[in-house]
Amino acid sequence: MTQLSAAQTPQRTPADGSRALYGGKINRRITVRDITAAKERGEKWPMLTAYDAMTASVFDESGIPVMLVGDSAGNCHLGYETTVPVTLDEMTMLSAAVVRGTSRALIVGDLPFGSYQEGPVQALRSATRLVKEAGVGAVKLEGGERSHRQIELLVESGIPVMAHIGLTPQSVNSMGYRVQGRGEEAAQQLLRDAKAVQDAGAFAVVLELVPAELAAEVTRTLHIPTVGIGAGPDTDAQVLVWTDMLGLTGGRVPKFVKQYADLRKVMGDAAKAYAEDVVGGTFPQDEHSVH
Ligand SMILES: Nc1nc(=O)c2c([nH]1)NC[C@@H]1CN(c3ccc(C(=O)N[C@@H](CCC(=O)O)C(=O)O)cc3)CN21
Ligand SMILES: CC(C)C(=O)C(=O)O
Ligand SMILES: [Mg+2]
């Protein structure tokens, strides 16, 4: 075998960023393999939630490479107090809409509370519905060590899994919404959870509401990408709930949210302007009428 010098070694990836998940030239549906390759390049990427086709199409056209049909739809889209009541039927319907509204983003469907806790077989049955009926490219479920058997069976069955550790909102009734991984013992548990989901075959892991330094350590330790939400700047990716980052949620939003627009005001002002026009008789005008 002839040895290749470093200069002759074929480049595995173009150096010009053309394969970048955001701003690159990928013009087909993004896959989990693209996500894995991004970690090898040390590339950061953005993820947003989406719950309907129209909103998802806006983010798809904006180049957002990964969308999560989060069970945060429970409180952000369906009017529940928490994510706990969300059903698999609801997640299937919302996920199908988001898949229909997109052509490029990888769509990850969140498995709702009660759809995988019974064990691996229940998890596979639930995940299969999201894959077959909604067309998602991957599913997400909460829990580290406690969910590793579920992750293993899904991955063995050909369903890519995004894990979710730290604050796991489906456990709000036992955990509350509190920062996770504070203190040496909790930090060690988070590291064990991170390694457990990686060993089980997850392609990525969400770290929710964990100290920035610990999230950085997990990100350095794992070979799969970390997706932070309230986990500081050093994770491989970031995720935000779309209604929070666009200022639509209303009421209190978590401290980790950065608000990029005030859609609540834009929509409220437009609704009032329309109402004034109707009440005052200035809408419709001739151009909006047929004769
Ligand atoms: N609108 C919305 N945004 C989210 O980010 C979100 C949801 N809903 N629903 C599902 C989960 C629940 N999440 C939550 C819910 C509450 C806090 C919260 O109250 N955080 C406190 C800090 C608590 C502490 O310091 O211990 C905060 O003020 O940020 C955080 C994340 C994240 N997810
Ligand atoms: C906050 C993200 C990670 C989530 O699980 C959701 O939106 O349901
Ligand atoms: Mg969720």
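Residues numbered from 1 in each chain as written. Chains lettered and ligands numbered in written order. Predicted model: local features only at pLDDT ≥ 70, side-chain atom pairs only at ≥ 80, totals over all residues. Heavy atoms only, no water.

### Details of the overall build of the protein
Broken down by element type, the protein carries 11 helices and 8 strands. The C-alpha atoms of the protein give 21 Å as radius of gyration, which agrees with the globular expectation for 291 residues (19 Å, within 12%). Taken over the C-alpha atoms alone, the protein extends approximately 80 × 50 × 35 Å along its principal axes. Taking all 291 residues of the protein together, 48% fall into the buried category. Put simply, of all contacts in the protein between residues at least 6 apart along the chain, 57% involve residues at least 24 apart. Only carbon and sulfur atoms are counted for the fraction: they give 54% of the accessible area of the protein, which is about 15,200 Å². Where the 28 positive side-chain charges of the protein centre and where its 34 negative ones centre are 5 Å apart. (Helix = DSSP H or I, 4+ residues; strand = E, 2+ residues; numbered from the N terminus. Rg over C-alpha atoms; globule rule 2.2 N^0.38 Å. Buried < 20%, exposed > 50% of the residue type's maximum accessible area, 1.4 Å probe, protein only. Contact = heavy atoms within 4.5 Å. Areas by Shrake-Rupley, 256 points an atom, 1.4 Å probe, with all protein chains shown as cover. Lys, Arg positive; Asp, Glu negative; His and termini not counted. Charge placed at Lys NZ, Arg CZ, Asp CG, Glu CD.)

### Observations concerning the site of ligand 1
Neighbouring ligand 1 are 18 residues; Asn75, Val179, Glu208, Asp244 and Lys255 lie closest to it. Side-chain polar atom of aspartate 244 to a nitrogen atom of ligand 1: 2.6 Å apart, as the coordinates give it. Separating an oxygen atom of ligand 1 from a side-chain N or O atom of arginine 252 is a distance of 3.2 Å. When ligand 1 sits alone it has 670 Å² of accessible area, and the protein chains cover 78% of it. Each residue belonging to the shell around ligand 1 can be placed in one class, and the counts come to 9 nonpolar, 4 polar and 5 charged. (Near = heavy atom within 4 Å. Polar contact = N/O pair within 3.5 Å; in protein donor to acceptor, adjacent residues only side chain to side chain. Nonpolar A, V, L, I, M, F, W, Y, C, P; charged D, E, K, R; others polar.)

### Some words on the UniProt feature "binding site: Mg(2+)" (unreviewed entry) in the protein
Per the UniProt record, the feature "binding site: Mg(2+)" (unreviewed entry) sits at Asp71, Asp110 and Glu142. A compact arrangement is adopted by the annotated residues: their sequence extent is 72 residues, whereas the largest C-alpha distance between any two is 10.9 Å. Counting through the fold element by element, aspartate 71 comes out in the loop between β2 (66-69) and α3 (73-76). Looking at aspartate 71, the relative accessible area reads 5%, which means it is buried. Among residues more than four places away in sequence, those in contact with aspartate 71 are Thr83, Val86, Met91, Asp110, Pro112, Glu142 and Gln170. Those residues in contact with glutamate 142, other than ones at most four positions away along the chain, are Asp71, Tyr116, Ser147, His164, Thr168, Pro169, Gln170 and Ser171. (UniProt positions renumbered as here; feature names shortened; annotations may be inferred.)

### Describing the site of ligand 2
Within the structure, ligand 2 sits among Thr49, Leu68, Gly70, Asp71, Ser72, Asp110, Lys140, His164, Val206, Ile229 and Val241. Taking serine 72, its side chain carries an N or O atom lying 2.5 Å from an oxygen atom of ligand 2. At 3.0 Å from an oxygen atom of ligand 2 is found a side-chain nitrogen or oxygen belonging to aspartate 110. When ligand 2 sits alone it has 260 Å² of accessible area, and the protein chains cover 95% of it. Considered class by class, the residues forming the shell around ligand 2 number 4 nonpolar, 4 polar and 3 charged.

### Considerations on the UniProt feature "active site" (unreviewed entry) in the protein
On the UniProt side, "active site" (unreviewed entry) is annotated at positions that read Glu208 here. Along the polypeptide, glutamate 208 turns up in strand β6 (residues 204-208). Those residues in contact with glutamate 208 that lie beyond four places of it in its chain are His164, Ile165, Gly166, Leu167, Pro169 and Ile229. There is a polar contact of 2.9 Å between the side chain of glutamate 208 and the side chain of histidine 164.

### Digging into the coordination of the magnesium ion (ligand 3)
Here the magnesium ion (ligand 3) is held by the protein donor atoms Asp71 (OD) and Asp110 (OD), which lie 2.1 to 2.2 Å from it. Placement of aspartate 71 in the loop between β2 and α3 and of aspartate 110 in strand β3 (residues 106-110) is noted, with a sequence separation of 39 residues between them. Here aspartate 71 and aspartate 110 have matching classes, each one buried. (Donors = N, O, S within 2.8 Å, 3.2 Å for Na, K, Ca; no water.)

### Quick word on the pairing of β6
Counting buried positions over the 5 residues of β6 gives 5, a clear majority of the element. Side chains Ala204, Val206 and Glu208 project from β6 onto one buried face, and the interleaved Val205 and Leu207 project onto a second face that is buried too. Relative to strand β7 (residues 226-229), β6 runs parallel, the two sharing 4 bridges. When the bridges of β7 are listed, leucine 207 appears paired with glycine 228. On the question of chirality, the crossover connecting β6 to the parallel β7 by way of helix α9 (residues 212-221) is right-handed. (Pairing = 2+ DSSP bridges. Right-handed = clockwise from strand over helix to strand, strands pointing away.)

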